[in-house]
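Each chain, written out:
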Amino acid sequence: KGSRVGKGDQDFFRICQGLCAKEASFAASIFPALIFHLLDSEARDKCQENSGVQDIIMSNTAIGSPTSGMNEIISHCFSRMLSPKSNLQVAPQAITVILNTLELLRAITEHRFLTSPEHAKNKSTVAQKQNSSLSKKRRSRNPSDSADIDSFTPSSKWRGFPYGVVLRVSGLDVAKACFRVKRYYSALYYAEMSMQNLIGSGTFFEDVADDSPHKHDEATVRDISGFGVLSRQEENQDGKTVLEKSLLAQDIIGCCLSELHAKDELHGILSQGSALNLKQNITSLNTLEGCRRDQTFSMLLDLDNGLQTTSKIGTTNIGADASHGFSTIASCLEDLGLNHIKHNYLAGIENHLGKDQRTNSTRRYLREKWFEDSLNKTLQWDDSLFPRMNEGEMPMLTYGTLKHTAEITHDAPLSFASQPMANFYESVHESLQSFARNDVAGGSVHVLEARKSVLADMEYLAGSEAQSTGMVTHLIKLNVLGQLEVVARTLEGTSSLTFLLKRWGFCDGTGAETLESLLMNNDVNLDMKEQVTDIDGALFRSIRTAFSVKEVALKVLTNNFSSGQEPIANALTSHIYKSISVYRELGHPDAAKVSLSSLRSLMQVFQKSRTEDHSSGNLPLMLRLEDAKIMKSQNDLDGAIIYCKMIANYLTNATNDSVDIERDQICAESLLLGGLWMAQHNVDAAESILSSYFEKAAKLAMHIHQKAPSNSSVHRASMASFKLGEFAANLFNSVDARVSSEAWKRRIIVAKERKLELQAVTAQLTKLQKKSRASNEAATTDARIIHATLSREVEMDDRELKSVEKSIQRYLHLAVESYCSALKLCPTTMTANVAKHVFQLISLWFKNSQRRETKDIVNELLKSNLSQIPSYRFVPLTYQLFSRIDEMQEDDRNGFGFQTTLREIVLKICSEHPYHGIVQLLALSNGKRVGGGVNGRHANAYLENVGTTKVDAVNNIFQELRKHAPAYIPALIDSYQTLMNSYMNLAEYDSSSIAQKKITKRLPFKQYKLDLDSCLSGGRGRGKRSTTTTSMPAIITKPPPIRPDAQYGNGTEDPIGTERVVSFEPTFDLTLTGLHRPKIVKCIGSKGSRFKQLVKGEDDLRQDAIMQQVFGTVNDLLRHEGSSGNEFIKKSLGNSLSTVTTRQLKLITYGITPLSPASGVLEWVDNTMCFGDFLTDRGKKVGAHSKYFPGEWGVNEVREFYRNAGDAHNATRESKLKAFEKICENFSPAFRFFFLEYFKSSMEAWHTARTLYTRSCAVNSIVGHILGIGDRHTSNILVHTKTGEVVQIDFGIVFEQGKTLQTPELVPFRLTRDLVDGMGPSGTDGVFSKAAEATMAVLRNNADTLLTILSAVVSDPLYKWSLSPLKANQHQRNDGEDDSRMGLPSAWMSSTSDENRNDSADRAIAKIHEKLEGYEDGTSGEHKTVAGQVKLLINEARDPGNLSVMFSGWAPWM
């Protein structure tokens, strides 16, 4: 009544009144629109004439008025329905309608805000009394003085989100309501929105815990309406302090993350919550309750401690149930493998529950747990197929009745009340009982009941934000029911037993699967992570139940089929054997041990029931080997090694003249596993491990492959040879490092001195012996004693020197030979970490190819095996191989020299993989084309230092290639050469005159006499093709994937995975920034695709290309983090497991193709924007800072203020820090709004993007620190607008070169306030720190692989390891305004320290090695653990003292 709803709207809602009465769902659909029209009909508050930008925008954004009667009435109603204190019993459907209404209002205000034309840039905040003359004087004074600081007016107070739900409701109440209806992502959003309004920061938990200065000390925003209405502390209706609200928000967010299985983020929230709880109770006598939900055993201890001080079994608060509920204790016991203890614990709980706690949901939970346990106790189904029950367990089956509908009680624990009553496990149990009694109809009914319960659960999840995380277990259950339906049809006779066994994967066209066949055909990938340790407990329980149900079903079939039991028995034993490895590799060796016991019992039953024993005598040994693997998973290393030793010794000593491949296979695997475990933990002498284990295992595996070749045998033989080569290579490197050490060199000198001394004593003794014996008998005796002692010492030195020299040659020969043997055998399907072994082989070759003692070994072995090693294995190392091409040496005359072998590899790569090799080779042939210079070196000086022998050698290779390569290769070379010349002409074109005219878009090639658009077509017509389409080059920044079969279309077809170049768009653009204004072109592919590319000149991109290569290798290593080598896991669980168990860490890479030492082409990364472009004002665009924080200091003023603080003649670290802190007070971080703007399609998209961003930041930070990547200003970091991930560009400053700049970079990586602002409420704690630790652990565990790649470029004379002064000056220049940074002496620009290049390279590699060992600068040589190292780096990166002295162009405040 009295509303200003238009007549048309009134008529619409009046018409809908009848429909709403008939159909509730229709009423729920139009209810949000009705509320919107009621609110929007109220007049908005008018702005005053002197209103600021924020008031104007809020007025335009608002829906109605915050003071209107309609808003007050609706707000009051919604608040009562949402608030837990109102004690109203509100149905979940009603809560859903209210939340939909609030979401609609929020979306409308958000859209109005983002599209508002009233946004304005933050202008100068210098007080008006400050005139220009004073401003000039300020440049020469210390800006941290009070006069200068006071000249900047204080910023406006934070007034909360500029949009919201319009109604004056509590954000925390809305979050709780979202949690009740399983809108977990929405609950996170509104809880964070509420706290950000209150605190004014995206990392509010971190800020409150750290006692940072907050704006909540004064007037703050205490609702999420979006009106920006400030209320003071005394106006707080609920009487809760900021700290209390923070703890409540932490509880809500923690429960949501627990439901979403976001373990890393949960860890950060719990850590911050502990700090907040301590802060609140630091002076009280209260016992602080807490629960470490990130580690199962710690969580169980906390739960036990809590229950010792309270009599309550379950509590009612949100999140408290997760701490004290007996269901959580049961889950912990299950995750720890203590299933029997759990079973008895729940039985005791059931007997001791009070009547008020015996709710239907509680009884249903206990019944389901009992039936789940009975299914998993498969040993009890062996005899009669009916589980034996103890009398004490029967009460768990008698209380209450089961229901399918939810009966929610207020006092029920959250884990019970949040789900409908279902009886999946009971129904499955009863169906198996019915099948065992041959009651197929009854069993099918129970299967149907189980399916209904699962579908009811799924319907409850459908449309909710828990759907993506909760569906995995339900899909596994449905798969189980599908298998039971197949069992029913088999028992009915409508389906054959053979069909069932095929369907379940136990037989194929070659016959039934047996344990023996599993042994022979099971691939063991020893390069994979041994077990997945972070799989969710609920998911594993579902997986185990699925295995158990199939096992029981096979037992049922065994008893019901009197004839034809042999294939079922084989299937049953094979299934249990598979479950053992699955459980073990999923991180549950306890379950694997139980299955192993079940398999042994079953085998004994089958052996007793058979009149003839057809089983293999090797089965006990197979199972003993499984015992060893389980022991290793349980960290019983000694026991595992003893088992492997004894199995190998038994098989080696057994007298058996017949050829037994199975026995040999068990022996080979036990030898290899024993050797690996002994080597990893150094429990025996290296030489003993090499000769007694690795060599024997490799020899035996090769023998097996020769006797019985198969896919599995070739895989195992390759793996054994790889491991032998790796171990021998490590021994070689160890001995070689010892020989190269200063201590060994001193020992050689001492040995030579001893020889000289021995010679002198020998001469003296000879003289004494010639004299009369009476006169010199005593002297002769002494001389003989000294001579004998020296002789023994010299003999010992000679023996050791010869032994070391022999060991070096032996280990090197064995390593190279084993690697070559493995690569010759290695199948194309074997990809995991093969590249690592190739890197190690090439590194050994490079390291020893010029040494007098070892060059013949490596060159001859490589030369003799090269023809049999597939060339695609060398393609990833194309740059490292090609960079070593040079003129022939004297050793090459006999055909076994380094250059001869290298050229054979190069010719093979270019002939078989031309799209990967020709471009690299042509880039080397352009070595003389350096334009005006390369990275600060004049052209003449550069060519004088580098020389021309490489170019001449490359030209000779091209001549050989044209003669002997396939017919289309010469034409392809010509096409690439034409294309690259046109690219280089564009890169070298001086665009300064164009830039001065401020013309940067759609510049015609023709106008500037450039021919890139027509170089391949023979004319200037757009898209005009040449007369022939053969041998056209591929897109230069997108080469095709490497194909092992070397099939790339023979020049007549597009290579698979890419397109060929047809033409280019006829215009190009200039970038807005850049030292030499790179050009932007669009290449047109043969399928019509457009490929955007960046063409750069006067810059050496080979360093960037190597960084991308390293990034690709890091991605390969990270891809296996959390992965398992078990193929059955991959096939049966697939992506459902990977999405739950892995962090999916990676670096985004892009194509970089160097064309010459001074030019190159880069792939344009689509859907990205510079980190700084989102935050700051650019041109007419208003940045996020001005948009969300109007009235604060502008970016230009901040930069001027910061620069003057650093340039003042009396500036100190203290004064710079004071100025930096002043900036932080008046320039708020705003990057959290990036995810709200670009991922507003759903709350899940927002949270997922933020998580990906945080993990991406962590990976880039750690990898960047290890490689010493600097110059990470806001334009060198891109953010992907489709995924939220970070993309790093421009790697001109690497290998600690940033520390040599005129203003040294003191931080290990960029981790400024804005970067952290986008990571969520706990900041760097949680997702970032855990991802950083995982990345650091992977890099430290694979240090040899990274160092191999990096060390492979050490001897490249074209590579720059030091930063020229000109380059340093160009990277830190204030846009030409600061003359003191210009005008370096010309002598500095004409030369660099090339003579110290190798020393610089060695220092860079050594520094990387130190970081990978856990040593950091400033720690006094202290070794750091992974977690300690990451924490140290985070603290250094965020230290205001370090940030306050960074270069102003780096923008440390942002």
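Residues numbered from 1 in each chain as written. Predicted model: local features only at pLDDT ≥ 70, side-chain atom pairs only at ≥ 80, totals over all residues. Heavy atoms only, no water.

Draft legend 1. Spatial organisation of the overall build of the protein. Scanning the protein from terminus to terminus reveals 59 helices and 14 strands. A total of 1454 residues make up the protein; the buried ones form 57% of that total. A separation of at least 24 residues holds for 75% of the contacts in the protein among residues at least 6 apart in sequence. Counting only carbon and sulfur atoms, one obtains 50% of the accessible surface of the protein, whose full area is about 62900 Å². (Helix = DSSP H or I, 4+ residues; strand = E, 2+ residues; numbered from the N terminus. Buried < 20%, exposed > 50% of the residue type's maximum accessible area, 1.4 Å probe, protein only. Contact = heavy atoms within 4.5 Å. Areas by Shrake-Rupley, 256 points an atom, 1.4 Å probe, with all protein chains shown as cover.)

Draft legend 2. Focus on the pattern of salt bridges. Considering all chains together, one arrives at 55 salt bridges under this definition. K342 is the partner of E334 in a salt bridge, and the nearest nitrogen-oxygen pair spans 3.0 Å. Comparing E334 with K342 shows no difference in burial state: the two are buried. Residues participating in the shared-partner salt-bridge network are E334, K342, K369, E372, D373 and R541. (Salt bridge = Lys/Arg side-chain N within 4 Å of Asp/Glu carboxyl O.)

Draft legend 3. Region of interest: the sheet that holds strand β13 (residues 1277-1280). Pairing in this open sheet of three strands is antiparallel, and the strands run β12-β13-β14 from one edge to the other. Every other strand in the sheet has two partners, leaving β12 (1168-1170) and β14 (1286-1288) as the edge strands with one partner each. Taking each pair of neighbouring strands and ignoring which way they run, the sheet shows an average axis angle of 35 degrees. (Pairing = 2+ DSSP bridges. Axes fitted to C-alpha atoms, helices over the stretch in contact; angles between N-to-C directions.)

Draft legend 4. View of the nonpolar core. Formed by 354 residues in total, the largest nonpolar core has its most connected members in W845, L881 and I885. Setting aside residues no more than four positions away along its own chain, L881 makes contact with I842, W845, F846, F874, L902, I905 and I909. (Core = buried A, V, L, I, M, F, W, Y, C linked by side-chain atoms within 4.5 Å.)

Draft legend 5. Examining the packing of helix α8 (residues 171-180) against helix α9 (residues 184-199) more closely. α9 packs onto α8 with a crossing angle of 170 degrees between their chain directions and a minimal axis gap of 8 Å. The orientation of α8 relative to α9 falls into the category roughly antiparallel. Contact residues: α8 offers G171, L172, V174, A175, C178 and F179, while α9 offers Y184, S186, A187, Y190, A191 and S194. Of the residues assigned to the contact of α8 with α9, the class counts are nine nonpolar, three polar and no charged. (Parallel < 35°, antiparallel > 145°, perpendicular 65-115°, else oblique. Nonpolar A, V, L, I, M, F, W, Y, C, P; charged D, E, K, R; others polar.)

Draft legend 6. The arrangement of the side chain of S548 in detail. Mapping S548 onto the fold places it in helix α24 (residues 537-560). Judged by relative accessible area, S548 falls into the buried class, the value being 3%.

Draft legend 7. Fine view of the side chain of T1037. If you trace the backbone, T1037 turns up in the loop between β5 (1003-1004) and β6 (1061-1064). The buried category is assigned to T1037, whose relative accessible area is 6%. A distance of 3.2 Å separates polar atoms of two side chains, one belonging to T1037 and the other to Q1093. The residues contacting T1037, other than those within four sequence positions of it, are Q1093, G1151, T1153, V1161, L1162 and E1163. (Polar contact = N/O pair within 3.5 Å; in protein donor to acceptor, adjacent residues only side chain to side chain.)

Draft legend 8. Local environment of helix α32 (residues 742-770). Taking 1.5 Å per residue, 29 residues should reach 42 Å; α32 reaches 43 Å between its end C-alpha atoms and fits that length. For α32, the full list of buried residues reads W744, A751, L758, V761, L765 and L768. (Expected span 1.5 Å × (residues − 1).)

Draft legend 9. Looking closely at the packing of aromatic side chains. Taken as a whole and assessed by the stated rule, the structure comprises 40 aromatic pairs. Measuring from centroid to centroid gives 5.8 Å for F1174 and F1231, while their planes differ by 85 degrees, and the two rings are edge-to-face. Taken together, the residues F1174 in helix α46 (residues 1171-1175) and F1231 in the loop between α49 (1213-1226) and α50 (1233-1238) connect sequence positions 57 residues apart. The buried category is assigned to F1174, whose relative accessible area is 5%. Between F1231 and Y1253 the ring centres are 5.3 Å apart and the planes differ by 40 degrees, which places this aromatic pair in the tilted class. Here F1231, found in the loop between α49 and α50, pairs with Y1253, found in helix α51 (residues 1243-1267); they are 22 residues apart in sequence, far enough to count as distant. The pair F1231 / Y1253 is uniform in exposure class, with both members buried. (Phe/Tyr/Trp six-rings, centres within 6.5 Å; stacked < 30°, edge-to-face > 60°.)

Draft legend 10. Representation of the environment of G64 within the structure. The residue G64 is located in the loop between α3 (53-61) and α4 (69-82) in this model. Residue class for G64 comes out buried when judged on its relative accessible area of 1%. A C-alpha to C-alpha distance of 9.4 Å links G64 and H37, two positions 27 residues apart in sequence.

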